[in-house]
Amino acid sequence: MKTGFTLRNVHFKNRVFVASGTFGYGDEVQNLVEVGQLGGIMTKSLSWKPRDGNPPPRIAETPSGMLNSIGLANIGVHAFIEKKLPYLRTLDTCIIVNIAASSVQEYCDVLGLLNEQEGIHGFEINVSCPNVKEGGLSFGIDCDRTAEITSRLRALTEKPLIIKLTPNVTHISRFAAAVKDAGADAVSVMNTVIGMAVDARTRKPRISTTTGGLSGPAIKPIALAKVYEVAQSVDIPIFGIGGIMTAEDAVEFLLVGASAVQIGTANFIDPSTGVTVAQGIESFARQQGLNDIGELVGALDARRDFSVLQSWL
Amino acid sequence: MTLCNADVTGVREVAQGVYVLSFRNPEVARTVLPGQFLNLRVHEGLDPFLRRPFSVYRVEKDVVEIIFQVIGKGTAILAGKKRGDVVNILGPLGVPFGIGGEFTKAILIAGGLGIAPMPILGEHLRKAGKRVEIFVGARTVGQLALHHLKSPHVATDDGSRGFHGTVVALVESYFKEHPQTDAKVFACGPTRMLEAVSRFAQASFLPCELSLEGEMACGIGICQGCPVERINAERRYALVCTEGPTFDCTTIRLREA
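This structure is a prediction, so every number in the text was calculated from the model and none was measured. (Residues numbered from 1 in each chain as written. Chains lettered and ligands numbered in written order. Predicted model: local features only at pLDDT ≥ 70, side-chain atom pairs only at ≥ 80, totals over all residues. Heavy atoms only, no water.)

## Comments concerning the overall build of chain B
Each helix and strand counted, chain B has six helices and 17 strands in total. Relative to a compact globule of 257 residues, whose C-alpha radius of gyration would be 18 Å, chain B shows 18 Å and is just as compact. A buried classification covers 55% of the 257 residues belonging to chain B. Long-range pairs, those at least 24 residues apart, make up 62% of the contacts in chain B between residues at least 6 apart in sequence. Accessible surface computed for chain B: about 11100 Å², of which carbon and sulfur atoms make up 49%. (Helix = DSSP H or I, 4+ residues; strand = E, 2+ residues; numbered from the N terminus. Rg over C-alpha atoms; globule rule 2.2 N^0.38 Å. Buried < 20%, exposed > 50% of the residue type's maximum accessible area, 1.4 Å probe, protein only. Contact = heavy atoms within 4.5 Å. Areas by Shrake-Rupley, 256 points an atom, 1.4 Å probe, with all protein chains shown as cover.)

And the structure:
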């Protein structure tokens, strides 16, 4: 069974990754997960300087999901290179470093410094964090700024450059088209959906920033629609993200056009979800008589014939 | 640390709406230390979605116990578990209470469900040769769960049992009669109570550790969901799950309740 795929000049052993911010820097979960069975790890977002993150409460559970407002708490790029990268280099999987910044120059500085380091296979650019005042979503909802960041970063690296898009726009496919034109190798679809949770008794919002990013199975149908929208109109590889808990969830993303998937919030419940999903996709493909998991990508049967629909009972 | 299903051996109501759930897991039973917690997945469904953290209450041979009050969807499911059901456990997690050191007497202060880590803590302290004095506060007598606590001093807000007032006021009155110099304070309970304990311990020049709660998802430091503000530190926040849940009271600033 062929499980892997290639992006630019990097071969990934399979199509299952762990999403930024849900797997730390890999070392926290080393006793719980065989990370060598993942296609790759998207690291926690890095900025130039360390960031404290937002005050508590930062998370709230919602039906089949959670709301977060971490605020990009991270150790900063220098501490990452010194303290985390040596461990990540020892792992038998690809390391995609996620970068978040407050200015175009900061994105360039962080990527420029990381691009010189050994053991980094690619970059994912977070232009879509809903929980910080500076940068973040203010870039991600502006098509021209997103394209500008992409082309500036493209000029700095030959490694795969993936732009992580926000669903909090009217037409996500326009952003995918813009970053493709600016030289991106792939897009991650999608970051969290802006949401809110309220405690009726205390009359307070449940997280300190009032609104935050919704994730988990609650957003899976939205994510599938966003991936489908991009896949229908832009020829660019897509990392599908949004509420994947099982191999079947992941296959749904491949069918609507994702080339790979990222496991996010599920890691908080079981950090080995990605490994289970990778194995599950492989056995699903085998059952379907396929030779290459890539045969599932974009293989949605969109004919208007629903006689094969299973009952929901 | 283990992540696995564990067989429930029983659930019993020990006070009004307060339950003890026991399950069999030799690894946790053998390795868990006082103040550490388990992150429990209460079922395989998606709502409630996240794991829930619980202090370990007691260990007996291969069986581990947690104690909880039914306050929402997750705890309602746990209270309905039967012998033979499973819970999915992740743990033991977190930094245990510091039970070593020079002190000879341990002052344990619990408010409400803050009794959760006290039976296992008392047991380990006694094994370490410490004398243990435990103070327990609750709103009313029906909510007191005093099992497995040796000769507890009791306070209730409504005076329905023991001292009429807060548990910290009870500790203060006890200290007036029995001044302590060679003691260490261990406390768990609501934030406002922990603030009062912290003020009291610092005014009495006693070392003091608090066990905190925090909204957390993963329990292992990856979601960054459970910060607590640190005092005079380079980093503004510590994580309750990996750097706590036990903290020296002089190192952190408690959040307003």
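## Some points on the domain arrangement of chain B
All names here are of chain B. Domain boundaries assigned for chain B yield domain 1 (2-93) and domain 2 (105-211). Distance from the C-alpha centre of domain 1 to the C-alpha centre of domain 2: 24 Å. Listed per partner, the contact involves 17 residues of domain 1 and 14 residues of domain 2. Buried surface at the junction of domain 1 and domain 2, summed over both partners, amounts to about 1400 Å²; 65% is from carbon and sulfur atoms. Along the contact surface separating domain 1 from domain 2 lie zero salt bridges. At the level of secondary structure, the elements contributing two or more residues to the side of domain 1 that touches domain 2 comprise strand 1 (2-15), strand 5 (58-60) and strand 6 (63-69). Among the residues making up the side of domain 1 that touches domain 2, the classes are represented as 11 nonpolar, four polar and two charged. (Domains from an automatic or database assignment. Buried area = accessible area lost by both parts, 1.4 Å probe. Salt bridge = Lys/Arg side-chain N within 4 Å of Asp/Glu carboxyl O. Nonpolar A, V, L, I, M, F, W, Y, C, P; charged D, E, K, R; others polar.)

## Digging into the packing of aromatic side chains
The geometry of an aromatic ring pair is captured by two quantities: the separation of the ring centres and the angle between the planes. All names here are of chain A. For the structure on display, the rule yields 14 aromatic pairs over all chains. Arranged with centres 5.0 Å apart and planes meeting at 85°, the rings of F17 and F239 form a pair that is edge-to-face. Of this pair, F17 sits in strand 3 (residues 16-18) while F239 sits in strand 15 (residues 238-241); the two residues are 222 residues apart in sequence, bridging distant segments of the chain. A relative accessible area of 0% places F17 in the buried class. By relative accessible area, which is 1% here, F239 ends up buried. (Phe/Tyr/Trp six-rings, centres within 6.5 Å; stacked < 30°, edge-to-face > 60°.)

## Comments concerning the sheet that holds strand 6 (residues 65-68) of chain A
Two modes of strand pairing occur in sheets, parallel and antiparallel, and in both the strands are linked by backbone hydrogen bonds. All names here are of chain A. Strand order across the open sheet formed by four strands is 5-6-14-11, with antiparallel pairing between neighbours. If you trace the sheet from one side to the other, it starts and ends with strand 5 (59-62) and strand 11 (193-196), each paired once. With direction set aside, neighbouring strand axes in the sheet form an average angle of 40°. Of the pairings in the sheet, the one linking strand 11 to strand 14 (residues 211-215) comprises four bridges and is antiparallel in character. Along strand 14, the bridge assignment pairs V193 with L214. (Pairing = 2+ DSSP bridges. Axes fitted to C-alpha atoms, helices over the stretch in contact; angles between N-to-C directions.)

## A closer look at the interface of chain B and chain A
Taken residue by residue, the interface counts 25 residues in chain B and 32 residues in chain A. At the boundary of chain B with chain A, total buried surface from both sides reaches about 2500 Å², with 67% on carbon and sulfur atoms. Broken down residue by residue, the surface that chain B buries against chain A is led by B:F49, B:I222 and B:Y237, which jointly contribute 28%. Viewed at the interface, chain A and chain B are joined by one salt bridge. With a closest N to O distance of 2.6 Å, B:R52 and A:E61 form a salt bridge.

## Brief notes about the nonpolar core
Core analysis: the largest hydrophobic core is formed by 130 residues, its most contacted members being A:F80, A:L114 and A:I125. Of the domains in this structure, domain 1 (2-93) and domain 2 (105-211) of chain B are the two that each give at least three residues to this core. When near neighbours in sequence (up to four residues on either side) are disregarded, A:F80 contacts A:Y25, A:T43, A:L46, A:I75, A:L85, A:L88, A:V97, A:L114 and A:I120. With 28 residues, the next largest nonpolar core counts B:V20, B:F103, B:A110 and B:I134 among its residues. (Core = buried A, V, L, I, M, F, W, Y, C linked by side-chain atoms within 4.5 Å.)

## Quick notes on the sheet that holds strand 3 (residues 37-41) of chain B
Residue and element names in this part refer to chain B. Taken in spatial order, the seven strands line up as 4-3-7-1-2-6-5 in an open sheet, and their pairing is antiparallel. The open sheet has two free edges, formed respectively by strand 4 (52-55) and strand 5, since each of these has just one partner strand. Recorded for the sheet is a direction-independent mean angle of 40° between the axes of neighbouring strands. Summarising the sheet, strand 3 and strand 4 pair through four bridges and their orientation is antiparallel. Each bridged residue has a counterpart across the sheet, and for N39 the counterpart in strand 4 is P53.

## Re the packing of helix 4 (residues 143-154) of chain A against helix 5 (residues 172-181) of chain A
All names here are of chain A. Remark: helix 4 packs on helix 5, axes separated minimally by 8 Å, with the N-to-C direction vectors making an angle of 30°. Judged by the angle between their axes, helix 4 and helix 5 are roughly parallel. Considering the relative orientation of helix 4 and helix 5, their crossing is right-handed. Together, C143, T146, A147 and T150 of helix 4 and R174, F175, A178 and V179 of helix 5 make up the contact between the two elements. Of the residues that constitute the contact of helix 4 with helix 5, the class distribution is five nonpolar, two polar and one charged. (Parallel < 35°, antiparallel > 145°, perpendicular 65-115°, else oblique. Left-handed = near helix turned anticlockwise from the far one by under 90°.)

## Looking at helix 5 (residues 191-203) of chain B
Because each turn of an α-helix spans 3.6 residues, side chains separated by three or four positions end up pointing in the same direction. All names here are of chain B. Over its 13 residues, helix 5 extends 18 Å from the first C-alpha to the last, a length consistent with the 18 Å expected when each residue adds 1.5 Å. Of the positions making up helix 5, those classed as buried are M193, L194, A196, V197, S198, F200 and A201. The secondary structure elements touched by the buried residues of helix 5 are strand 8 (105-111), helix 4 (167-177), strand 12 (183-188) and strand 13 (208-211). Once helix 5 finishes, F205 follows within two positions and takes phi at roughly 60°, a positive value. (Expected span 1.5 Å × (residues − 1).)

## Brief notes about helix 6 (residues 220-233) of chain A
Residue and element names in this part refer to chain A. Along its 14 residues, helix 6 runs 20 Å from first to last C-alpha, staying within 8% of the 20 Å computed at 1.5 Å per residue. What helix 6 keeps buried is the set K220, A223, L224, K226, V227 and V230. For helix 6, the angular spread of buried residues about the axis comes to 165°, placing them on one side. Pointing more than 90 degrees away from the buried face of helix 6 are the exposed residues P221, Q232 and S233. (Arc of directions from axis to C-beta.)

## Describing empty space enclosed by the protein
Scanning all chains against the criterion turns up three cavities of 30 Å³ or more. In terms of lining residues, the largest cavity is bounded by 34 residues, among which A:S20, A:T22, A:N68, A:N191 and A:T192 are the most central. Taken together, the elements giving at least two residues each to the lining of the largest cavity come down to strand 6 and helix 8 (266-269) of chain A. Taken together, the residues of the lining of the largest cavity break down into 15 nonpolar, 17 polar and two charged. A volume near 50 Å³ is recorded for the second largest cavity. As for the second largest cavity, its lining consists of B:L108, B:M118, B:P119, B:G122, B:R126, B:V132, B:I134, B:H148, B:L149 and B:K150. Elements represented by at least two residues in the lining of the second largest cavity include exactly helix 3 (118-127) and strand 9 (131-138) of chain B. If one sorts the elements of the lining of the second largest cavity by residue count, helix 3 of chain B sits on top with four residues. Here the residues of the lining of the second largest cavity sort into six nonpolar, two polar and two charged. (1 Å grid on protein atoms, 1.4 Å probe; cavity = no way out; pocket = protein on both sides within 12 Å on 5 of 7 lines; lining within 4 Å. Points joined across faces, edges and corners; volume = space filled by probe spheres on them.)

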